[in-house]
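# Understanding the architecture of this molecule
Residue-level listing of the chains:
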Amino acid sequence: MTSVEVLFRYGMPPGETEMAALAQFNNVYGVRRVRFNEGQKTILVEYDATRLTEDLLRSAGLDIRESPR
């Protein structure tokens, strides 16, 4: 397992549905920790880099606008 932290910017804040979907990723996709900064509209995700992709975060309904390159 390769654990990494990545900071994403988001548009609309996640609601209950998006948070519930993200919680399901903990066991399935290797998400270890999620931290939201509402003031800066960022989400810090610590995850198993071999399993999680930005597309999976979008599939949970998160409005990901920008990710690191």
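This one's a predicted model, so the numbers in the text were calculated from it and none came from an experiment.

### Describing the overall build of the protein
- Within the protein, the secondary structure is distributed over two helices and four strands.
- Written out in order from the N terminus, the α and β elements of the protein read β-α-β-β-α-β.
- In the protein, which comprises 69 residues, the proportion classed as buried is 30%.
- Summarising the internal contacts of the protein: among those between residues at least 6 apart in sequence, 67% fall at separations of at least 24.
- Just so you have it, the protein exposes about 4600 Å², and 46% of that area is on carbon and sulfur atoms.

### Examining the nonpolar core
- If you look at the biggest cluster of nonpolar residues, it comprises 14 residues, and the most contacted ones within it are Phe8, Ile43, Val45 and Leu57.
- Taken together, the elements giving at least two residues each to this core come down to β1 (3-10), α1 (16-28), β3 (42-48) and α2 (54-59).

### Comments concerning the confidence of the model for the protein
- For the protein, per-residue confidence averages 80 on the pLDDT scale, and residues scoring 70 or more make up 84% of the total.
- Across the protein, the secondary-structure element scoring lowest on mean pLDDT is α2, at 74, and the one scoring highest is β1, at 87.

### Some thoughts on the pattern of salt bridges
- Per the stated rule, a full pass over the model turns up four salt bridges.
- The partner of Arg33 in a salt bridge is Glu46, and the shortest N-O contact between them spans 2.8 Å. Here Arg33 is found in strand β2 (residues 31-37), whereas its partner Glu46 is found in strand β3, with 13 residues between them in sequence.
- By relative accessible area, which is 15% here, Glu46 ends up buried.
- Two residues, Arg65 and Asp63, come together in a salt bridge whose shortest N-O distance is 2.8 Å.
- Of the residues examined, Asp63 reaches a relative accessible area of 23% and is grouped as partly exposed.
- Via salt bridges that share partners, Glu5, Arg32, Arg33 and Glu46 belong to a single interconnected network.

Each value, and the rule that gives it
- Residues numbered from 1 in each chain as written.
- Predicted model: local features only at pLDDT ≥ 70, side-chain atom pairs only at ≥ 80, totals over all residues.
- Heavy atoms only, no water.
- Helix = DSSP H or I, 4+ residues; strand = E, 2+ residues; numbered from the N terminus.
- Buried < 20%, exposed > 50% of the residue type's maximum accessible area, 1.4 Å probe, protein only.
- Contact = heavy atoms within 4.5 Å.
- Areas by Shrake-Rupley, 256 points an atom, 1.4 Å probe, with all protein chains shown as cover.
- Core = buried A, V, L, I, M, F, W, Y, C linked by side-chain atoms within 4.5 Å.
- pLDDT = per-residue confidence, 0-100.
- Salt bridge = Lys/Arg side-chain N within 4 Å of Asp/Glu carboxyl O.

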